[in-house]
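Secondary and tertiary structure notes
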Amino acid sequence: MSFGKMKTIIEIYETITVKDHEGFAQKENRLLTTIRAYKEDRHGSEAWKNRASFSSATSLFRFRKPRNFELTTNLEIVCKGKKYNILSVEDILERGMYVEILAEQITSSKG
């Protein structure tokens, strides 16, 4: 994966529960990192056909893994104002350098 293909800026967020001064719990998004990534949307190619087990995945992200950073399915990605729920995280070539994430776009129920 060349650096030239990583043109899209993405933000990775963690959802945490915070109590306000009255003791009520609220969910809050905390920014963990902002990085450059390669983004590919779902289409009818052979590669996407092979990813049929993740049929709800709408996008693929590839990027260089930040040091000492744990990527899990509990995190969210924000890209160009759209939110994505992480479905799977895979280490490319098992070297710990690059990761591939399959994600599903979160759509609001509000019209």
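Rules used throughout
Residues numbered from 1 in each chain as written. Predicted model: local features only at pLDDT ≥ 70, side-chain atom pairs only at ≥ 80, totals over all residues. Heavy atoms only, no water. Pairing = 2+ DSSP bridges. Helix = DSSP H or I, 4+ residues; strand = E, 2+ residues; numbered from the N terminus. Axes fitted to C-alpha atoms, helices over the stretch in contact; angles between N-to-C directions. Phe/Tyr/Trp six-rings, centres within 6.5 Å; stacked < 30°, edge-to-face > 60°. Buried < 20%, exposed > 50% of the residue type's maximum accessible area, 1.4 Å probe, protein only.

1. Observations regarding the sheet that holds strand β5 (residues 82-92)
- Pairing is antiparallel around the closed barrel formed by 6 strands, whose spatial order is β1-β2-β3-β6-β5-β4. Strand after strand, the sheet turns through a mean of 45° between neighbouring axes, direction not considered.
- Bridge count for strand β4 (residues 75-79) against β5 is 4 bridges, and the pairing is antiparallel. Looking across to β5, one finds that Glu76 is bridged to Asn85.

2. Brief notes about the packing of aromatic side chains
- Applying the stated criterion across every chain yields a total of 1 aromatic pair.
- Plain terms: the ring middles of Phe61 and Tyr84 are 5.3 Å apart, the flat faces sit at 75° to each other, and that makes the pair edge-to-face. Residue Phe61 is located in strand β3 (residues 59-64), and its partner Tyr84 is located in strand β5; the two are separated by 23 residues in the primary sequence. Note on accessibility: Phe61 and Tyr84 belong to one class, buried.

3. Things to note about the pairing of β4
- Counting buried residues along β4, 5 of its 5 residues qualify, which places the element largely inside the surrounding structure.
- Residues Leu75, Ile77 and Cys79 point to one face of β4 and Glu76 and Val78 to the other, with burial holding for every one of them.
- Linking β4 back to β5 in an antiparallel pair, the connection comprises 2 residues, with Lys80 at a positive phi of about 55°.

In short, the description is geometric, and any link to function would need to be established separately.
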